[in-house]
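# What the coordinates show
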Amino acid sequence: MPIHLLPPEVASQIAAGEVIERPASVVKELLENALDAGAAHIVIKIEGAGQRLVEVADDGAGIPAAELALAVARHATSKLQTAADLFSIATLGFRGEALASIGSVARLTLTSRPPTAEVGMRIRVEGGQTGPSEAVGAPQGTVVRVEDLFYNVPARLKFLKHETTERRQMDALVTHYALAYPQVRFRLEQEGRLALQTSGSGSRREVLAALYGVDVAKSMLEVLSEEDGLRVTGFISPTSLTRSNRRDINFFVNGRPVQDSTLTSAVVQAYHTLLMVGRFPLGILFVDVPAEWVDVNVHPAKAEVRFRDASKAFSAVQRSVRRALLAHTPIPELEQPQIQWPVSANRPMAPEQFGAAWEKPSSSEGLEGYERQAAMDGSPIAQPPSLQPSLSNPILRLVGQIATAYLVAEGPDGLYLVDQHAAHERVLFERMIAQLKASEHGKAAPAQTLLAPVNVDLPPASARLLSEQLPILGRLGFQVEPFGPAAFLVRAVPQLLMGMDPAAAVRVVVEDFEEDETPLQAEVEARLVARICKRAAVKAGQTLSPEEQRALLSNLEACSSPRTCPHGRPTMIHLSVDLLERQFGRKGPR
Ligand code: ADP
Ligand code: MG
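Residues numbered from 1 in each chain as written. Chains lettered and ligands numbered in written order. Predicted model: local features only at pLDDT ≥ 70, side-chain atom pairs only at ≥ 80, totals over all residues. Heavy atoms only, no water.

## What to know about the overall build of the protein
What counts, and what does not: Only DSSP runs of H or I covering at least 4 residues are called helices, and only runs of E covering at least 2 are called strands; the numbering of each starts at the N terminus. Burial here depends on accessible area, computed with a 1.4 Å probe over protein chains only, as a share of the maximum for the residue type. Under 20% is buried, over 50% is exposed, and the range in between is partly exposed. The Shrake-Rupley method, run with a 1.4 Å probe sphere, supplies the accessible areas, and residue values consider only the shown protein chains as cover.
Secondary structure assignment for the protein yields 17 helices and 23 strands. When burial is assessed residue by residue, the protein has 50% of its 590 residues classed as buried. A total of about 28,200 Å² of accessible surface is found on the protein, and carbon and sulfur atoms cover 54% of it.

Quick look at the structure:
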């Protein structure tokens, strides 16, 4: 093929691909335009997971009639004159590409009226073709409607994620902007439902409550520090509130959301030794520096920036987060857990010396990979005793409880140490899964109606997730009803979970849900049940009566996979008689 210039439509579709990757990119660009226009009130409407419609209406400065056609042209902007201006950018936009890009891959309608204009003007762009401007009645400000995104780029459509994922992305995006701009009133409607509403009062803590619910908002720690022209503000989670990934650590640099793995690891490092391995904090942090300290023009979608002095930004973030943490969290004394063996104290027995008594668990219940980190914490994994489920004639004879965490039992072949939490998790898990199975045959799980229904507030993304899981919860014996845009009423809980905080049980369903999780239904159910059981099970540190201890042992014996908890950690450690005899020198080494 000879070299030829691409037709303008093709060239602009290619360029658009960099800016508009998915529905959330449209939302981002339109939000930024509204904020740049000085809007005090922004309403976002989303239908068909953003593919059918994204509409953003603002009450900002508007676009003069004469400039309307320019606004949708490529490289046309009111925010930049010379390339030098790039290093003193005070607006979110500057590339003059967003509206043109959107117009080339969707049907765009732009309606605008500046405060001084008598009437509004409207212009349409479809697949890169700009129509004429016409006068219309319109409120002050700008309304941008984007319909049928990627209708002319079928390849792009195929790359969109599951609708749930796309919606969650948009939720998260609007959420973060609402936090970054608390003085602006945001309203987000998804599929005709109010998903988010902020007051515009200027209080970030208040926005936090609208987003994460009052409880989480109250518990978040405030970060506030300024040194050397670098300001770090925002919120981080207390050490008790964690996630299984880093995705809830978000940054705004000079008012723009950026992905920056260096800054993210600065936060993670600030929590060093305070969180369990594999757990990560939540945080939303606003880094403000003089405009000339950052290059904002390094990414077509403006998702990254480059700091002139990256290590300065890193250490400022790490220090300010650490300071906020220390102000609120007592640092636990770090002690290396040491195994003390009374007899051969100078020769502690290494786990591998247990020999055949130790092996890795196999995951038999389809939770492959799930919370694997937790199981990989280096603890030795016990070999299962060959248990024969028999309730009438228990195999394990209870000896007692030690360290309010482990049950000591004698079995057919030696001593068993049972982790009460892991064991209880396993018991609850198998029972709940059994009830799910029974519910498939129309047998309702036994439920306990609460005397007074309990209210649960959730951030919008979690609220939608929970709505999607309501049928499974119903089959488990929960009765949960939507109660407003992001709140739910819990009316009944499964009998198995009696005594557990109903709100906590419901919350745990949507905690830590992986963004791209679209697993098979059975897997969703198993994970969800595992999550609930983990929260509901008795904890280490809880004293159990001898009856409770005995019941736990016999319930464990009745399980089909008694040797591991639903997450793959061992429920018990077995010290065989043979091993004891060798350790006491009654038998020679093998
Ligand atoms: P950029 O934001 O990078 O300048 P855009 O393509 O997003 O490029 O927008 C082009 C121009 O259209 C902007 O520079 C601005 O003048 C105008 N514009 C876009 N959206 C709005 C809005 N909501 N209110 C007022 N003006 C707008
Ligand atoms: Mg813009």
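Following the structure, the description resumes.
## Things to note about the sheet that holds strand β12 (residues 249–253)
Note the cut-off: When DSSP finds at least two bridges between two strands, those strands are taken to pair. Angles here are taken between N-to-C directions and fall from 0 to 180 degrees, while the axes themselves are lines fitted to C-alpha atoms, restricted in helices to the stretch in contact.
Pairing is mixed in the open sheet, where five strands are placed in the order β10-β11-β14-β12-β13. Only two strands of the sheet have a single neighbouring strand rather than two, namely β10 (221–227) and β13 (256–258). Each strand of the sheet is rotated relative to its neighbour by a mean of 20°, with strand direction disregarded. Inspection of the sheet shows strand β11 (residues 230–236) paired to strand β14 (residues 283–288) by six bridges, in the antiparallel sense. Considered in β14, the bridge of Gly 234 is made with Leu 285.

## Quick word on the nonpolar core
For clarity, the cut-off: Only buried residues count toward a nonpolar core, which is a set of Ala, Val, Leu, Ile, Met, Phe, Trp, Tyr and Cys residues joined through side-chain atoms within 4.5 Å. Whether two residues are in contact is decided by their heavy atoms: any pair within 4.5 Å suffices.
Core analysis: the largest hydrophobic core is formed by 62 residues, its most contacted members being Val 27, Leu 30, Ile 42, Ile 44, Leu 110, Val 146 and Phe 186. Those residues within four positions of Val 146 in sequence are excluded, and the remaining contacts are Val 26, Leu 30, Arg 52, Leu 53, Val 54, Ile 102, Ala 106, Arg 107 and Leu 108. The next biggest cluster of nonpolar side chains, apart from the first, holds 38 residues, and it includes Leu 450, Ala 505, Val 508 and Ala 526.

## So, the pairing of strand β19 (residues 414–419)
In this structure, strand β18 (residues 406–411) lies alongside β19, joined through six bridges in antiparallel fashion. Opposite Ala 409, over in β19, you have Tyr 416 as the bridge partner. Connecting β18 to the antiparallel partner β19 that follows it, the hairpin turn spans two residues. For β19 and strand β23 (residues 572–575), the ladder comprises four bridges, and the chain directions are antiparallel. The residue bridging Leu 417 from the neighbouring strand is Ile 573, located in β23.

## Some details on the site of ligand 1
Put simply, the rule reads: Being near a molecule or strand, for a residue, means having at least one of its heavy atoms within 4 Å of it. Distance and chemistry together define a polar contact, namely a pair of N or O atoms within 3.5 Å, with one atom able to donate a hydrogen and the other to accept it when in protein, and with adjacent residues in sequence counting only for side-chain atoms on both sides. Here the nonpolar group is Ala, Val, Leu, Ile, Met, Phe, Trp, Tyr, Cys and Pro; Asp, Glu, Lys and Arg are the charged ones; every other residue, Gly included, is treated as polar.
Around ligand 1, the structure places 19 residues, and the nearest of them are Asn 33, Thr 77, Ser 78, Lys 79 and Gly 96. Within the backbone of Phe 94, a nitrogen or oxygen atom sits 3.0 Å from an oxygen atom of ligand 1. Ala 98 has a polar backbone atom sitting 3.2 Å from an oxygen atom of ligand 1. In isolation ligand 1 has 530 Å² of accessible area, and contact with the protein removes 93% of it. When residues of the shell around ligand 1 are traced back to their parent elements, those giving at least two are α2 (23–36) and α4 (98–105). Residues belonging to the shell around ligand 1 are distributed by class as follows: eight nonpolar, seven polar and four charged.

## Here we look at the sheet that holds strand β21 (residues 479–482)
The strand order across the open sheet formed by three strands is β20-β22-β21, and the pairing between neighbours is antiparallel. On the outer flanks of this sheet lie β20 (447–457) and β21, each paired with one strand and no other. Going across the sheet, the axis of each strand differs from the next one's by a mean of 15°, ignoring polarity. Bridge count between β20 and strand β22 (residues 487–494): seven bridges; the pairing is antiparallel. Within β22, the residue paired with Val 454 across the bridge is Val 490. Those strands touched by helix α13 (residues 460–476) are β21 and β22, and its axis lies near 20° from that of β22.

## Remarks on α2
Definition in use: Expected span, for any helix, means 1.5 Å times one less than how many residues it has.
In this model, α2 (14 residues) spans 20 Å end to end at C-alpha, consistent with the 20 Å of a helix rising 1.5 Å per residue. For α2, a buried count of 12 out of 14 residues is recorded, marking the element as mostly surrounded by other parts of the structure. Gly 38 occupies a position one or two residues after α2 and carries a positive phi of about 75°.

## Some points on the confidence of the model for the protein
Short version of the rule: The pLDDT score gives, residue by residue, the confidence of the prediction method on a 0 to 100 scale.
On average, residues of the protein score 83 in pLDDT, and 87% of them are at 70 or above. Below pLDDT 50 for its whole length, residues 330–386 participates in 74 contacts with residues either more than four positions away or in separate chains. Segment residues 388–392 is flagged for pLDDT under 50; beyond a separation of four residues in sequence, or across chains, it makes six contacts in the model.

## Some thoughts on the environment of Thr 564
Within the secondary structure, Thr 564 sits in the loop between α16 (546–557) and β23. Residue Thr 564 is classed as buried on the basis of its relative accessible area of 3%.

## Regarding helix α7 (residues 204–212)
To keep things clear, this is the line we draw: Summarising the geometry, the arc corresponds to the directions from the helix axis toward the C-beta atoms.
Along α7, the residues classified as buried are Val 207, Leu 208, Leu 211 and Tyr 212. Viewed along the axis of α7, the buried residues span an arc of 110°, placing them on a single side of the element. Of the surrounding elements, those touching the buried residues of α7 are α6 (163–180), β9 (193–197), α8 (214–219), β11, β20 and α13.

## Some remarks on the packing of aromatic side chains
The condition is simple: Stacked, tilted and edge-to-face pairs are distinguished by plane angle, under 30 degrees for stacked and over 60 for edge-to-face with tilted covering the rest, among Phe, Tyr and Trp rings (Trp via its six-membered ring) whose centres lie within 6.5 Å. Only lysine NZ and arginine CZ atoms are considered, and such an atom sits over a ring when it is within 6 Å of the ring centre and within 35 degrees of the ring normal.
The tally for this structure, following the rule as stated, stands at three aromatic pairs. Ring plane angle 40° and centroid distance 5.4 Å describe the contact between Phe 252 and Phe 286, whose orientation is recorded as tilted. Separated by 34 residues along the polypeptide, Phe 252 in strand β12 and Phe 286 in strand β14 bring together distant segments of the chain. Judged by its relative accessible area of 1%, Phe 252 falls in the buried class. Of the residues examined, Phe 286 reaches a relative accessible area of 4% and is grouped as buried. Each member of the aromatic cluster is reached from another via a ring pair, and the members are Tyr 177, Tyr 181, Phe 252 and Phe 286. Directly above the ring of Tyr 151 sits Arg 107, whose terminal nitrogen or CZ lies 3.9 Å from the centroid. A cation over a ring is seen here: Arg 204 above Phe 286, with NZ or CZ 3.6 Å from the ring centre.

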